[in-house]
Amino acid sequence: MVFDTNVYFSAFTHPLGPPFRIWQRAINRSFILLVSPVILREVAHVLRDLLQWLEPDIAAHLKIVAKVAEIVSPKFSLQVIAEDPTDDRILECAVAGRADLIVSGDRHLRKLKSFRNIGIVQPSDFLRTLG
C-alpha cells in the first residue's frame, strides 16, 4: 500500500478525517505501508512550504513515517501523468514495492483507477474496506 502525499498532509492536519484514521491503522500495522525517499521529501516540502511547519516537527513526523513504512527505492522512472509528473513518483513507489493499492485524493491518480494491476482509491473508500 502506498499513500499519496495528500493523504499524509490530511492525516497530519485533520485528525478526524478518513486519512487520519487510515494513518492510525498504518501505525497499528493493519497493512504494509510503502514509502520512497522521494515521497518523504515531497511530504517534507509540503509541510515546510505550505504549512510553515518548523523543522523539528517535520523531522518528527517523517521519522514516524519511516518507522511505520517499508522504504522502497525505485531504480526506474515512469512518465504516466503529464498533468502532474510528481504523481509518477507515487506510481514508481507502488510498482517497485509491488503494492496492491494506492490511496490518494489526487484526481490525476484516481482518474487512472488502476496502474499495472495496482488499484487506486480515495481514502474514504479504503477506510470502508478496512471496516
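Just above, that's the structure.
Here the structure is a predicted model, which means the values were calculated and not measured.

A separate point is helix H1 (residues 5-13). Considered for burial, the residues of H1 that qualify are Thr5, Val7, Tyr8, Ala11 and Phe12. One side of H1 holds all its buried residues, which, seen down the axis, span an arc of 160°.

It is worth spelling out the packing of H1 against helix H3 (residues 37-50) at this point. When two helices pack together, their arrangement is captured by the angle between the axes and the distance separating the axes. At a closest axis distance of 9 Å, the pairing of H1 and H3 adopts a crossing angle of 45°. Judged on the interaxial angle alone, H3 and H1 are oblique. Judged by the twist between their axes, the crossing of H1 over H3 is right-handed. Residue-level inspection shows Thr5, Tyr8, Phe9 and Phe12 of H1 in contact with H3, the latter providing Ile39, Glu42, Val43, Val46 and Leu47. Classifying every residue of the contact of H1 with H3 by side-chain character gives seven nonpolar, one polar and one charged.

A word on the side chain of Asp88. With respect to the helices and strands, the residue Asp88 is situated in helix H5 (residues 86-96). Although Asp88 lies buried, it forms no salt bridge, and the closest oppositely charged side chain, Arg89, sits 4.2 Å away as judged by the N-O distance.

With that settled, the discussion passes to unusual backbone geometry. Located in the positive-phi region is Arg29, a residue other than glycine, with phi close to 65°. Following the sequence through the fold, Arg29 ends up in the loop between helix H2 (18-27) and strand E2 (34-35). The phi dihedral of Arg98 is positive, around 55°, even though this residue is not glycine. Structurally, the position occupied by Arg98 is in the loop between H5 and strand E4 (101-103). Given the relative accessible area of 78%, Arg98 is considered exposed.

Counting across every chain of the model gives four salt bridges. Residue Glu55 is joined to Arg48 by a salt bridge in which the shortest nitrogen-to-oxygen separation is 2.5 Å. Judged by relative accessible area, Glu55 falls into the partly exposed class, the value being 41%. When the shortest N-O distance is used, the salt bridge between Lys111 and Glu83 registers 3.7 Å. Remark: Glu83 occurs in the loop between strand E3 (70-71) and H5 and Lys111 occurs in helix H6 (residues 107-112); sequence separation between them is 28 residues. Of the two residues examined, Lys111 and Glu83, each falls in the exposed class.

Turning our eyes to something else, we now look at the pairing of strand E6 (residues 118-121). Here E4 pairs with E6 via three bridges, running parallel. Across the sheet, the residue bridging to Ile102 is Ile120, located in E6. The pairing of strand E5 (residues 114-115) with E6 spans two bridges and is antiparallel. Bridging from a neighbouring strand, Phe115 pairs with Ile118 of E6. In textbook terms, the turn of a hairpin is the stretch between consecutive antiparallel strands, and for E5 and E6 this stretch comprises two residues, one of which, Arg116, has a positive phi near 50°.

The rules we used
Residues numbered from 1 in each chain as written. Predicted model: local features only at pLDDT ≥ 70, side-chain atom pairs only at ≥ 80, totals over all residues. Heavy atoms only, no water. Buried < 20%, exposed > 50% of the residue type's maximum accessible area, 1.4 Å probe, protein only. Helix = DSSP H or I, 4+ residues; strand = E, 2+ residues; numbered from the N terminus. Arc of directions from axis to C-beta. Axes fitted to C-alpha atoms, helices over the stretch in contact; angles between N-to-C directions. Parallel < 35°, antiparallel > 145°, perpendicular 65-115°, else oblique. Left-handed = near helix turned anticlockwise from the far one by under 90°. Contact = heavy atoms within 4.5 Å. Nonpolar A, V, L, I, M, F, W, Y, C, P; charged D, E, K, R; others polar. Lys, Arg positive; Asp, Glu negative; His and termini not counted. Salt bridge = Lys/Arg side-chain N within 4 Å of Asp/Glu carboxyl O. Pairing = 2+ DSSP bridges.

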